[in-house]
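Here is how the chains run, residue by residue.
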Protein chains: 4
Amino acid sequence: MSVNVMNVFEQLESEVRSYSRSFPTVFHKAKGYKLYDESGKEYIDFFSGAGALNYGHNDDQMKAKLIEYIQEDGITHSLDMASKSKREFLSAFQSSILEPRNMSYKVMFPGPTGTNAVESALKLARKITGRTNVVSFTNGFHGMTLGSLSVTSNDFKRKGAGVPLSNTTIMPYDKYVDEPVETQMKYIRRFLATNGSGVDAPAALILETVQGEGGLNAASMEWLQEIEKLAKDIGALLIVDDIQAGVGRAGTFFSFEPAGIKPDIICLSKSIGGYGLPLALTLFKPELDKWAPGEHNGTFRGNNLAFVTATAALDYWKDPSFEKGIEEKSQMITSFLQLMIDKYPALEGKLKGRGFIQGIRTDIPDLAGKVAANAFEQGLIMETAGPNDEVFKLFPPLTIDKEGLQAGLDKLDAAIDQALNA
Amino acid sequence: MSVNVMNVFEQLESEVRSYSRSFPTVFHKAKGYKLYDESGKEYIDFFSGAGALNYGHNDDQMKAKLIEYIQEDGITHSLDMASKSKREFLSAFQSSILEPRNMSYKVMFPGPTGTNAVESALKLARKITGRTNVVSFTNGFHGMTLGSLSVTSNDFKRKGAGVPLSNTTIMPYDKYVDEPVETQMKYIRRFLATNGSGVDAPAALILETVQGEGGLNAASMEWLQEIEKLAKDIGALLIVDDIQAGVGRAGTFFSFEPAGIKPDIICLSKSIGGYGLPLALTLFKPELDKWAPGEHNGTFRGNNLAFVTATAALDYWKDPSFEKGIEEKSQMITSFLQLMIDKYPALEGKLKGRGFIQGIRTDIPDLAGKVAANAFEQGLIMETAGPNDEVFKLFPPLTIDKEGLQAGLDKLDAAIDQALNA
Amino acid sequence: MSVNVMNVFEQLESEVRSYSRSFPTVFHKAKGYKLYDESGKEYIDFFSGAGALNYGHNDDQMKAKLIEYIQEDGITHSLDMASKSKREFLSAFQSSILEPRNMSYKVMFPGPTGTNAVESALKLARKITGRTNVVSFTNGFHGMTLGSLSVTSNDFKRKGAGVPLSNTTIMPYDKYVDEPVETQMKYIRRFLATNGSGVDAPAALILETVQGEGGLNAASMEWLQEIEKLAKDIGALLIVDDIQAGVGRAGTFFSFEPAGIKPDIICLSKSIGGYGLPLALTLFKPELDKWAPGEHNGTFRGNNLAFVTATAALDYWKDPSFEKGIEEKSQMITSFLQLMIDKYPALEGKLKGRGFIQGIRTDIPDLAGKVAANAFEQGLIMETAGPNDEVFKLFPPLTIDKEGLQAGLDKLDAAIDQALNA
Amino acid sequence: MSVNVMNVFEQLESEVRSYSRSFPTVFHKAKGYKLYDESGKEYIDFFSGAGALNYGHNDDQMKAKLIEYIQEDGITHSLDMASKSKREFLSAFQSSILEPRNMSYKVMFPGPTGTNAVESALKLARKITGRTNVVSFTNGFHGMTLGSLSVTSNDFKRKGAGVPLSNTTIMPYDKYVDEPVETQMKYIRRFLATNGSGVDAPAALILETVQGEGGLNAASMEWLQEIEKLAKDIGALLIVDDIQAGVGRAGTFFSFEPAGIKPDIICLSKSIGGYGLPLALTLFKPELDKWAPGEHNGTFRGNNLAFVTATAALDYWKDPSFEKGIEEKSQMITSFLQLMIDKYPALEGKLKGRGFIQGIRTDIPDLAGKVAANAFEQGLIMETAGPNDEVFKLFPPLTIDKEGLQAGLDKLDAAIDQALNA
């Protein structure tokens, strides 16, 4: 990277840019689990566009469909008009995802970003229940527009709102305090299911099953089940924001599948488009589809290029070996991380997360950041998470092969070693 | 359109869908100013993706660049990392748009939809001023997430929030009451520049220079100049939401150019991506760039396919004849609409808007809707606007040729005739 | 006043104290329209406890009843239990005030201060209509608790809230802009009675017929009638805050009587207790009495000493000559103020208000304050009003005799003269 | 009580009246711990005006001073002007209350009701810290105006607001969940003292040391000390709302004295006036006195009759035997209530509260209400508390003699017996 090429960003782009500071180079090409900068330097991608590239970069099958569609002058932008590519996506989503899981949900295209899905979910829950309050959870992250931000816990991001955030109540996420689920739930029920607590009856509870930005906190299946039960008991809707943990990241298409719960509303985005193209879905039980036409909208609801790649991406899920492969590689990651914790006691590491959303927490100040910075030096892209950036986070593409995964893990080992011993 | 192909949408897609009801067919291909449905029926596009397709559908030059980029495995999704295609866009935007207009602005990528640009603009204005209140204007439309919705005037959309919207004050847009600008401004100043009015000192004034959704109300240049002056006087920032009226729609790249004003913050989206791909920019004067890294973010900030087409689209603006062409065709539209008003007195029509954002207002109940519905029957896509859908709105691509434009206008003439006489 | 006696206040009482700075002495006794400080110095009272002492200080008839009640150990504090003295008050209020005016209203005791009456009125209006927004008017003042403050316009007082005030919309009070009532109403109707204005349908419109704190702005009868009509048209309740202008201050018992309107809710406090004792009433049309028991409450709702004096005070209104006397003295005040304006052109005075709530506005900086300060030196107590303290305000007791009134006016003449010529 | 005398209330007074339903008679006279209705029937008062009559009704010494002051035409109403009687109160409060307790506080008169004290405390805390959020506690009650209501937990009362209440966060009060203080505090600290919890840094923590309305929950001294420490650690002010538990009700003048804490702000009202007359104080540490003059105000801040009786009431506290007597009688109450619990196992009673703010909780539906209703039949006035009215509450005057106390307790015994066995 020469200084002058970065100058363009420094001179013209806002100071708000962030990842360009963690990864100070100019990227140019990408394929599968690899990124290349302008100088041709190769990087292994343990970041996956913060979960938007679960199928890796520029997947060949999707790419072929995409180019074909563009070549044929398929309609690109269609708002919420009916289009052939949208119909194909809806049908494929129904047959490849919903039906096999015995799930009955209506699909809404709320605008092509995660925060649009969350905002529409909050609107719908408030409309259905006639209530204004929404319960969110400690360390949750749901987006940066005002409604989504009001259910997000990060102090720095909340302050950015510039106005007090309202109509929400925070409850402790699983293991936020170190108590058995039963004790935790007693506490939450005390607040949400009795008079006099001062918590206004909520329209919804919104949560991630694994908190990506919040530090890779993974809720237990028992806790998720209890929360679903509580929501029913108090007449509130359960919203699972599966934007980061979904689409396979936690090991199954929907992250909550192992818990056997059926959320009332599900938010999807990031990898749902398959190719890294902007797309978001809000799913809800058919009986909740009380929207009036146009009550929520957005210009880029009909991103047909994303419909095309999203449809192609669903093919992965037709073959059971795909999910099995995720599981095997997840175990590789778990074993490796456990090994690191044992090998480097000075790390004071703690294993976090599950599936392809795992990492190590270390409360030694700045250490996780150093590991990630060293990794970049080693040619490995990864980021930190948690309110104090105390977790380094492994987000390889689900499609990475074992050799690639091992190569990345080896680089990480070196990065940890360097952080502790340099 | 056979019934069963629509069934997919009825069965699987949410009731919130809207344009698919106005335009009841399944679109498949598109080129320039033409759309084609599955049966091959051709439609002239006087809608342009609600302003997102100012350059028409699948422009050949952009298409070539897009396919080339995809073929070469250019990075598709890059968050806010530095990428070659982003740098090329920034450089082109600087050299083709900002410099020739003698404008000095920093560029922020706030997430790829208009509402993200607006939300980020509101955050920045509140941060800079330390104030919470924001002044918006009657019939303004700025987006559907909670912050943008709080500055949007449409009753139906506001109610959809499900919570009271706060931290905003509404002022009358130009000509909202039928008074000279001087009288109007006296009123607004009385509220914003004196003690005791009960309007808390605002962080910003946010407005569209021509209100697209609000009924094609075009502010006069004098009013815009007075508003800019007022904002300065009271220490508030002026935000121009140029998402719909900008990128040539109102005749110049920025809609406010004829007024000679320099907004503190400018929101762009819709057609900035060129090809109908999701992209949004928040521009602000360099001295306002007080963002901390990551204080606002979003997963799809780095939509490189859109950078590629956006860069190519800027080429149009290098040739002065492009803007001149817009002007000539705008005059065709104006003349035609005036002719319609004269030809059909029963329409009780009133000319609205300017440039390529023009239409006719008729307060005869449901008439504008009938015109648009008839137009669709005639093979012309257009929509209505205004709080009571009282305006039919002509939004052809800027790149339409005069023959295409005339063909569309002829269809519109027939549609009006049919609406009045059938 | 010796320094040491003030020391107690400086050392022990908060800096928030205000009138003790305008009137720097220690008051001790009071009778009728006269106040006496500790040194025995006599002051004529053109202030009347900011409208809480319309019957003057320590009225002999009320005093006798009050002492008798205390002597007999009548119950003093009774919350909202039934008490004999409360019943007597209710009966007297019904027979002496409501019936003669052909008014049918339920009486609520919301807590003994004006702000309690306003807060309860806002709650009731929101409950009845199911709407959250409330329209208030420029320069209005309704109290200092959070709900009342949200409908108060004074910038300094609003900032004191420490949080953004919400769920309210400001509209221009009569003559806020210099236009005929018809033009003003067209503007207000445009905002409140049409779609797309961005003003959420209000639960209520709240206003004072003469704005005491806001600068003695007196609404015209026509404007009040139009506002009543508008409220009906849009399904909003009309709340008249008659706390300062009511109980005879504007010339009739209710300030709005000359307009012939029937507000849905009326707030009374200040002089309703007769003797300066804390009492407040919220009146509403019987069909609006949808309160659940205890839905609004307060410890001092049952201030029986105030019931006793309030009942005695109502006797004044049995004799028609009382109201006639107010009118005659009001004319004396008007004539005098007009004379001052003519006599002192340097004052650039403008007559404000009506009845016993009149004053002179002068926009010469600090001049009104100087007049009031000089008046105090002369032994006349009066205060300023308006967002910039630009009005000096005459608030004599209604019971003042003409000699006393003239003596006060003479002092004021001297104070003006001194302010302009010293 | 004849039907027709109640008719006045039914016909003229709002349905919002509440205690007049629990105690269906018309009260007329009162002395010490006794109330008399119009028919002359005597009632023992275990209610004390909900804590506003800690010195009983119409105390002879205060009565004499009050009548003397009225006879002499002492000024009655003085806003926040300096008056002799206010100075005497300030001096007495300083010498009799603050100095002996080694407390240094400025005194603010925020308007004469408890909710005014709370609203002013919230304003001040927000001003001092520049923060908007305030932490309140489960089952807390602080008043019925919008700011106070936002920190009140009762669902029914909150709904009465008619708007979502904002800028507050609820934390669990001591023993809200059954855990040791250390565990409870770990939880609260986790929320208030770490990043990522989603609780915005608070301006203040507001609490009652014994929750009167909330069900006589008494915080432990250890918990109060830990809360004070936490507040300091996070830069928040500690506000103790001592309106109901203070002025001796919990056994000492300030309820928090046994805990040894020094709140930053203290709210007093109810019994501070001594005679049941409206008065309220906001006390704060001198360094917090950052009010601008008039930044909070109110018409009845200067209720001089209340200053006179409040000053006289402070005499009680000069004699140490007064506090000792409260303690002895508190023990009588405790012993009696324990006896009741043992004697009536069917009551499933649990002892609640401390000092003169004690009662019995029974979760048998409606039972506490029956006990209170029976007590009224027996000639004993008492009320219920708690979110489900599950506590019957003993609030005798502090000045009751042991015979009177015993007589009331005997009636209560009979009322319980009747409730269980009738």
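Quantities reported herein were computed from a predicted structural model and do not represent experimental measurements.

**Student:** Please give an account of the side chain of Thr-76 of chain C that cites residues and values.
**Tutor:** Relative to the helices and strands, Thr-76 of chain C resides in the loop between helix H4 (60-71) and strand S4 (82-83). Given the relative accessible area of 3%, Thr-76 of chain C is considered buried. When sequence neighbours within four positions are dropped, the list of residues in contact with Thr-76 of chain C reads Gly-302, Asn-303, Asn-304 and Leu-305 of chain C together with Asn-58, Tyr-275 and Leu-277 of chain D.

**Student:** Give a description of the relation of the copies chain A and chain B that names residues and reports values.
**Tutor:** Superposition of chain A onto chain B requires a rotation of 180° combined with a translation of 0.0 Å along the rotation axis, giving an RMSD of 0.0 Å. Expressed as a symmetry operation, the mapping of one chain copy onto the other fits a two-fold axis. The C-alpha atom lying nearest the rotation axis in chain A is that of Leu-146 of chain A; the distance is 2.6 Å. A high fraction, 100%, of the interface residues of chain A reappear at the interface in chain B, so the copies pair face to face through one surface.

**Student:** Before we move on, could you go through the pairing of strand S7 (residues 168-171) of chain B and cite the residues and values that matter?
**Tutor:** All names here are of chain B. Of the two faces of S7, the one holding Thr-168 and Ile-170 and the one holding Thr-169 and Met-171 are both buried throughout. Looking at chain direction, strand S6 (residues 133-137) and S7 are connected through 4 bridges and run parallel. Its bridge partner being in S7, Ser-136 is matched across the sheet by Ile-170.

**Student:** I'd love a proper account of the relation of the copies chain C and chain B, names of residues and values included.
**Tutor:** Under the fitted operation, chain C is carried onto chain B by 0.0 Å of movement along the axis and a turn of 180°, and the coordinates agree to an RMSD of 0.0 Å. When the interface residues of chain C are mapped onto chain B, 100% of them are again interface residues, pointing to one common binding face.

**Student:** Which residues make up the packing of helix H12 (residues 320-343) of chain B against helix H14 (residues 402-421) of chain B, and what values do they have?
**Tutor:** How two helices sit against one another is set out by the angle between their axes and by the gap between those axes. Residue and element names in this part refer to chain B. The interhelical angle for the contact between H12 and H14, taken along N-to-C directions, is 15°, at an axis separation of 11 Å. Between H12 and H14, the interaxial angle falls into the category roughly parallel. Relative to H14, H12 is oriented so that their crossing is right-handed. Between H12 and H14, the residues in contact are Glu-328, Lys-329, Met-332, Ile-333, Phe-336, Leu-337, Met-340 and Lys-343 and Lys-402, Leu-405, Gln-406, Leu-409, Leu-412, Asp-413 and Ile-416, respectively. Partitioned by chemical class, the residues of the contact of H12 with H14 number 9 nonpolar, 1 polar and 5 charged.

**Student:** Describe the interface of chain C and chain B, with residues and values.
**Tutor:** Contacts between the two partners involve 29 residues from chain C, matched on the other side by 29 residues from chain B. Taking both partners together, chain C and chain B bury about 2700 Å²; carbon and sulfur atoms supply 48% of that area. Applying the counting criterion to the chain C and chain B interface returns 2 salt bridges. Note that Asp-200 of chain B is salt-bridged to Arg-158 of chain C, the shortest N-O span being 2.7 Å. In this structure, the connection of chain C to chain B is made through 13 residue pairs in polar contact (both at pLDDT 80 or more). Counting only elements with at least two residues in the side of chain C that touches chain B, the list comes to helix H8 (155-159), strand S7 (168-171) and helix H9 (181-192) of chain C. In terms of residue count, H9 of chain C provides more of the side of chain C that touches chain B than any other element does, 4 residues in total. Counted by class, the side of chain C that touches chain B contains 10 nonpolar, 14 polar and 5 charged residues.

**Student:** Run through the packing of aromatic side chains, naming residues and quoting values.
**Tutor:** Under the defined criterion, the tally for this structure stands at 93 aromatic pairs over all chains. Centroid distance Phe-23 of chain A to Phe-376 of chain A: 5.8 Å. Interplanar angle 40°. Geometry classified as tilted. One end of the pair, Phe-23 of chain A, is in the loop between helix H2 (19-22) and strand S1 (26-31); the other, Phe-376 of chain A, is in helix H13 (residues 367-377), and 353 residues separate them in sequence. The pair Phe-23 of chain A / Phe-376 of chain A is uniform in exposure class, with both members buried. Aromatic side chains Tyr-19 of chain C and Phe-23 of chain C sit 6.1 Å apart centroid to centroid with 5° between the ring planes, which places their arrangement in the stacked category. The same class applies to Tyr-19 of chain C and to Phe-23 of chain C, which are both buried. Through a chain of ring-to-ring contacts, three or more aromatic side chains come together here, namely Tyr-55, Phe-89, Phe-93, Phe-109, Phe-253, Phe-254, Phe-256, Phe-307, Tyr-316, Trp-317 and Phe-322 of chain A. Lying over the aromatic face of Tyr-176 of chain D, Arg-190 of chain A brings its terminal NZ or CZ to 4.0 Å of the ring centre.

**Student:** Before we move on, can you summarise the confidence of the model for chain A with the specific residues and values?
**Tutor:** Looking at chain A as a whole, the pLDDT averages 96, with 99% of positions reaching at least 70. Interface confidence for the predicted complex, given as ipTM, is 0.97, next to a pTM of 0.96.

**Student:** Pulling in residues and values, what's your account of helix H6 (residues 114-129) of chain B?
**Tutor:** All names here are of chain B. Its 16 residues place the ends of H6 23 Å apart at the C-alpha level, agreeing with the 22 Å of an ideal helix rising 1.5 Å per residue. Of all 16 residues making up H6, 13 are buried, and the element is well covered by its neighbours. Backbone geometry just downstream of H6 places Gly-130 in the positive-phi region, at approximately 70°.

**Student:** Talk me through the pairing of strand S11 (residues 237-241) of chain B; I want residue IDs and the actual numbers.
**Tutor:** All names here are of chain B. Counting buried positions along S11 yields 5 of 5 residues, so the element is predominantly enclosed. Of the two faces of S11, the one carrying Leu-237, Ile-239 and Asp-241 and the one carrying Leu-238 and Val-240 are both buried. Pairing of S11 with strand S12 (residues 265-268), which is carried by 3 bridges, proceeds in the parallel orientation. Opposite Val-240, over in S12, you have Ile-266 as the bridge partner.

**Student:** Give me the environment of Gly-246 of chain A: which residues, what numbers.
**Tutor:** All names here are of chain A. As for its placement among the helices and strands, Gly-246 is situated in the loop between strand S11 (237-241) and strand S12 (265-268). Overall, the relative accessible area of 1% leaves Gly-246 in the buried class. Considered as a pair, Gly-246 and Glu-348 are 102 residues apart in the sequence and their alpha carbons are 29 Å apart. Not counting chain neighbours up to four residues away, the residues in contact with Gly-246 comprise Asn-54, Phe-253 and Ser-255.

**Student:** Pulling in residues and values, what's your account of the interface of chain A and chain B?
**Tutor:** Taken together, the contact between chain A and chain B spans 104 residues of the former and 104 residues of the latter. Of the roughly 9100 Å² buried where chain A meets chain B, counting both sides, 63% is carbon and sulfur surface. Across the pair Glu-38 of chain B and Arg-87 of chain A runs a salt bridge, and its minimum N-O distance is 2.4 Å. Counting every contact that joins chain A to chain B gives 47 residue pairs in polar contact (both at pLDDT 80 or more). With 7 residues, helix H1 (residues 3-12) of chain A is the largest single contributor of residues to the side of chain A that touches chain B. Tallied by class, residues from the side of chain A that touches chain B come to 47 nonpolar, 32 polar and 25 charged. Of the strand pairs in this sheet, strand S4 (residues 82-83) of chain A and strand S1 (residues 26-31) of chain B are connected by 2 bridges, and their pairing is parallel. Bridge pairing in S1 of chain B places Ser-83 of chain A opposite Phe-27 of chain B.

**Student:** An account of the sheet that holds strand S14 (residues 350-354) of chain A is needed here, citing residue identities and associated values.
**Tutor:** Residues and elements named next belong to chain A. Across the sheet, which stays open at both edges, the 4 strands sit in the order S14-S15-S18-S17 with antiparallel pairing between neighbours. Of all strands in the sheet, those bounded by a partner on one side alone are S14 and strand S17 (383-385). Going from strand to strand, the sheet's axes swing by 35° on average, the running direction of each strand aside. Pairing of S17 with strand S18 (residues 391-394), which is carried by 3 bridges, proceeds in the antiparallel orientation. Opposite Thr-384, over in S18, you have Phe-392 as the bridge partner.

**Student:** Describe the domain arrangement of chain A, with residues and values.
**Tutor:** For an interface, size is often stated in terms of accessible area lost upon the parts coming together. Residues and elements named next belong to chain A. When its domains are assigned, chain A resolves into domain 1 (63-318) and domain 2 (320-391 + 410-422). The centre of domain 1, based on its C-alpha atoms, is set 27 Å off from the matching centre of domain 2. Contacts between the two partners involve 23 residues from domain 1, matched on the other side by 17 residues from domain 2. At the boundary of domain 1 with domain 2, total buried surface from both sides reaches about 1600 Å², with 57% on carbon and sulfur atoms. Summed over the three residues of domain 1 that lose the most area to domain 2, namely Leu-216, Arg-249 and Tyr-316, the buried surface amounts to 32% of that side. Between the two partners, domain 1 and domain 2, sit 1 salt bridge. Glu-323 serves as the salt-bridge partner of Arg-101, at 3.7 Å between the closest nitrogen and oxygen. Our count for the domain 1 to domain 2 interface comes out at 5 residue pairs in polar contact (both at pLDDT 80 or more). Looking at side-chain class alone, the side of domain 1 that touches domain 2 contains 8 nonpolar, 11 polar and 4 charged residues.

The rules behind these values
- Residues numbered from 1 in each chain as written.
- Chains lettered and ligands numbered in written order.
- Predicted model: local features only at pLDDT ≥ 70, side-chain atom pairs only at ≥ 80, totals over all residues.
- Heavy atoms only, no water.
- Helix = DSSP H or I, 4+ residues; strand = E, 2+ residues; numbered from the N terminus.
- Buried < 20%, exposed > 50% of the residue type's maximum accessible area, 1.4 Å probe, protein only.
- Contact = heavy atoms within 4.5 Å.
- Least-squares fit on C-alpha atoms with pLDDT ≥ 70 in both.
- Pairing = 2+ DSSP bridges.
- Axes fitted to C-alpha atoms, helices over the stretch in contact; angles between N-to-C directions.
- Parallel < 35°, antiparallel > 145°, perpendicular 65-115°, else oblique.
- Left-handed = near helix turned anticlockwise from the far one by under 90°.
- Nonpolar A, V, L, I, M, F, W, Y, C, P; charged D, E, K, R; others polar.
- Buried area = accessible area lost by both parts, 1.4 Å probe.
- Salt bridge = Lys/Arg side-chain N within 4 Å of Asp/Glu carboxyl O.
- Polar contact = N/O pair within 3.5 Å; in protein donor to acceptor, adjacent residues only side chain to side chain.
- Phe/Tyr/Trp six-rings, centres within 6.5 Å; stacked < 30°, edge-to-face > 60°.
- Lys NZ or Arg CZ within 6 Å of the ring centre and 35° of its normal.
- pLDDT = per-residue confidence, 0-100.
- Expected span 1.5 Å × (residues − 1).
- Domains from an automatic or database assignment.

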